[in-house]
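Observations on the model geometry
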Amino acid sequence: MNYTKLKALLQSPTWRLNNLYTIVDVKGQTIPFKLNSPQRTLMKNWHPRMLIPKARQHGISTLMCIIILDQLIHFKGVASMPIIDKTIEDAKKKLLMIKLAWDNIDNEELFPDTHEYGKILKKTWTAKFTKTEATFIRDGQTKPSTLFASTSARGGTSQFVFSSELGYTDSTEPEKSKGILSGAYATAHGDTPIVMESTLHCGRSGVMYDLIAKAKEKQDRGDVIAPNEFKFIFLGWQENDTYVDYHPDYKIPVYIQEYFRKLEENTDVKLTLPQKVWYAKHREAYPSWDDMYQEYPTTLDEVLSVGGSGTIYGPQIETLLRDERVQQLTPTPHIPIHAFWDLGFNDGTCCILAQVLEGRIIKILKTWEERKVGPAPIYAEVSKYEACINRKVSTHYLPHDGGAAKGLQGETYEDMFIQMGANVQCIPRAKKVWKGIDYMRRHFKQVWLDSSCTEKISRDDDLYSFLDSLQGYHKKTNGEPAHDKFSHSCDAFRMIGEAQLHGLIYEYEDQGEDSNDPYTYNDFLSY
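Let me begin by describing the structure that accompanies this report. (Residues numbered from 1 in each chain as written. Predicted model: local features only at pLDDT ≥ 70, side-chain atom pairs only at ≥ 80, totals over all residues. Heavy atoms only, no water.)

So, about the side chain of S163. Following the sequence through the fold, S163 ends up in strand β8 (residues 161–164). Taking the relative accessible area as the measure of exposure, S163 reaches 1% and is therefore buried. Beyond its immediate stretch of four places on either side in the chain, S163 contacts I84, I180, V195, M196 and E197. (Helix = DSSP H or I, 4+ residues; strand = E, 2+ residues; numbered from the N terminus. Buried < 20%, exposed > 50% of the residue type's maximum accessible area, 1.4 Å probe, protein only. Contact = heavy atoms within 4.5 Å.)

A few words on the sheet that holds strand β16 (residues 424–426). Strand order in the open sheet formed by seven strands is β11-β17-β14-β13-β12-β15-β16, with mixed pairing between adjacent strands. At either margin of the open sheet sits one strand with a lone partner, and together these are β11 (326–327) and β16. The sheet strands contacting helix α19 (residues 487–501) are β12 (338–342), β13 (348–357), β14 (361–371), β15 (395–398) and β17 (447–450), and the helix crosses β13 at an angle near 40°. (Pairing = 2+ DSSP bridges. Axes fitted to C-alpha atoms, helices over the stretch in contact; angles between N-to-C directions.)

What follows deals with the packing of aromatic side chains. Applying the stated rule across the entire model yields 26 aromatic pairs. Between Y313 and F493, the ring centres sit 5.6 Å apart and the planes meet at 90°, which makes this aromatic pair edge-to-face. Highlighted residues: Y313 in the loop between α13 (300–305) and α14 (314–322) and F493 in helix α19, separated in sequence by 180 residues. Both residues of the pair, Y313 and F493, count as buried. Between F466 and F493, the ring centres sit 6.3 Å apart and the planes meet at 65°, which makes this aromatic pair edge-to-face. (Phe/Tyr/Trp six-rings, centres within 6.5 Å; stacked < 30°, edge-to-face > 60°.)

In this section: unusual backbone geometry. Across the chain, the bulk of peptide bonds are trans and the bulk of non-glycine residues have phi less than zero. The phi dihedral of Q57 is positive, around 60°, even though this residue is not glycine. One non-glycine residue, H334, lies in the positive phi region at around 65°. With respect to the helices, strands and loops of the structure, H334 is situated in the loop between β11 and β12.

Another point: helix α6 (residues 115–124). In an α-helix, one turn spans 3.6 residues, which is why side chains three or four residues apart end up on the same side. Here α6 has its buried residues at H115, Y117, G118 and L121. Angularly, the buried residues of α6 cover 150° about the axis, an arc narrow enough to put them on a single face. For α6, the elements touching its buried residues are α1 (3–9), α4 (60–73), α5 (88–103) and β5 (125–129). (Arc of directions from axis to C-beta.)

The topology assignment puts S469 in helix α18 (residues 466–472). Not counting residues up to four positions away in its chain, the partners in contact with S469 are E369, Y464, F486, S489 and C490.

Another point: the pattern of salt bridges. For the coordinates displayed, the defined rule picks out 30 salt bridges. The closest approach of N and O atoms between D220 and K216, which form a salt bridge, is 2.7 Å. Here D220 and its partner K216 are both found in helix α9 (residues 207–221), four residues apart, which amounts to about one turn of the helix. Of the charged contacts in the structure, one is a salt bridge between R221 and E217, with a shortest N-O distance of 3.1 Å. Residue R221 and its partner E217 are both found in helix α9; the two are separated by four residues, about one turn of the helix. For E217, a relative accessible area of 35% corresponds to the partly exposed category. (Salt bridge = Lys/Arg side-chain N within 4 Å of Asp/Glu carboxyl O.)

Moving on, we come to the packing of α4 against α5. Interhelical geometry of α4 versus α5 gives an angle of 55° and a closest axis separation of 9 Å. When the interaxial angle is binned, α4 and α5 end up oblique. Where α4 crosses over α5, the two elements pack in a sense that is right-handed. Across from S61, T62, C65, I66, I68, L69 and I73 in α4, the residues of α5 making contact are K94, M97, I98, A101 and W102. Here the contact of α4 with α5 is built from residues that sort into nine nonpolar, two polar and one charged. (Parallel < 35°, antiparallel > 145°, perpendicular 65-115°, else oblique. Left-handed = near helix turned anticlockwise from the far one by under 90°. Nonpolar A, V, L, I, M, F, W, Y, C, P; charged D, E, K, R; others polar.)

Next up on the list: the packing of helix α17 (residues 433–442) against α19. Two elements in contact, α17 and α19, have axes whose closest approach is 8 Å; the angle formed by their N-to-C orientations is 95°. As far as their axial angle goes, α19 and α17 are roughly perpendicular. Residues V433, K435, G436, I437, Y439 and M440 of α17 form the contact with α19, whose own contacting residues are F493, R494, I496, G497, E498, Q500 and L501. Each residue belonging to the contact of α17 with α19 can be placed in one class, and the counts come to seven nonpolar, three polar and three charged.

A separate point is the nonpolar core. Within the largest apolar cluster, 44 residues are counted, with the highest numbers of intra-cluster contacts made by Y21, L63, M64, I73, F136 and L147. For this core, the element with the most residues is α4, which contributes ten residues. In terms of nonpolar packing, the next biggest core, distinct from the first, is built from 33 residues, I312, V356, Y397 and L449 among them. (Core = buried A, V, L, I, M, F, W, Y, C linked by side-chain atoms within 4.5 Å.)

A cluster of like positive charges, contributed by K431, K432, K435 and R442, occupies part of the molecular surface. Within the secondary structure layout, K431 lies in the loop between β16 and α17. (Patch = residues over 30% accessible without salt bridge, like charges linked within 9 Å, V, L, I, M, F, W, Y side chains within 5 Å. Areas by Shrake-Rupley, 256 points an atom, 1.4 Å probe, with all protein chains shown as cover. Lys, Arg positive; Asp, Glu negative; His and termini not counted. Charge placed at Lys NZ, Arg CZ, Asp CG, Glu CD.)

This part is about the sheet that holds strand β4 (residues 80–84). Within a sheet, neighbouring strands are paired by backbone hydrogen bonds and run either parallel or antiparallel to one another. Taken in spatial order, the eight strands line up as β5-β6-β7-β4-β8-β9-β3-β10 in an open sheet, and their pairing is mixed. The strands lining the two open edges of the sheet, one partner per strand, are β5 and β10 (231–232). Here β4 pairs with strand β7 (residues 145–150) via five bridges, running parallel. What sits directly across from P82, in β7, is F148.

The structure is reproduced here in structure tokens:
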């Protein structure tokens, strides 16, 4: 290739990526790097700040390593570029990918047309690699450019920040995950690229989920995404043109056929038969839809619906949605309506209105949540609901400390509710929080949610619904339920289980219009 033509081609970053660098393929052979279909999609949609929720094995980490090397050796100044991963060993492997690409940049056998340019680059740059760092000193300069493998961002100024598997860190070390984000912002100024790619492991919580949800909200509105704002680029499994399979005798299971039917009805995704066969075989190998959505999502909504490895109600929510038990509900006549509360002046306060029917069917009719206001505003909303349906809430069930915890005026919560005209019962304290949780998990197949439970409400500049809270409720690394934005609604939900475990409410059968509402537990105590 003559010099003039090569010089013109080198102006294109995409051409350089496809013609200068090497990788190791699945067979362990060193081969020239060529963009695959998901990588091409990403390059076409490039944005300085990118969030990349994705299916497995698209080669996005490989692409980022090649881009980092390309940017560094074609950058005229001094650069610092961190490679952040969930473990230091994973970060080291990415640095080795870069070393391989650099070592072979002048390989005549692999690059007969460009190896001479590779030799020029090696004369221009003196590179030294350790296990966790690479330095490149340009001819005539004294200060090196640096690539470093890490599990967090360093201080100083970065010219490119790449973070891999932030979703995993969300699930194992949430505080560290926050530190990675703040460190990236602190070192990357202006429109310096920050790329974060990951599958999600922490359900509807964590840094990666929050960033994607906020970016999605902006993009759905059609807002212009500034260079220093994050844009998400979703790469589903179907982006990979190698994810195909076909056997004439293979029959796609009925439940997976139903998935494809709903997918085509509700989205723009159109799959070929070989793609469907590939997907079906992989789905059969995974224990649940949640696992499949995490590893091989077809849509962004699947990514955002994943319960995560530490979620408490993940499998139960999956079944709830599959069984279509989120519908517009009306109160069943002659069955008591109860209110279940989680209380806190300095935190979140939540109320759930529910009925318990024959067969322990639990109907969630309405939910409210407020921050740092106490129960009075929500109680006013409950009163409006009572007026709307022309029925009164039978009993307001409070947590065990409702009779002891003090409000702003020094009175107990129980006193406050009585003053507001409520029939009140404090639920005795359970020995373990898991008692109520496990009860609700065992009986979740009888839970029905009103469609209002999916309505997203703004709280403290955040946007989520009661269903989001159930999906996002998760365990900390010590195995205990996390106390966060999702836990308030779930604590109120747990009160339903604890009340039933203590025999405070019972399942009722509708006896018809002439029957009277059964006695409440307070009525029983008055005798």
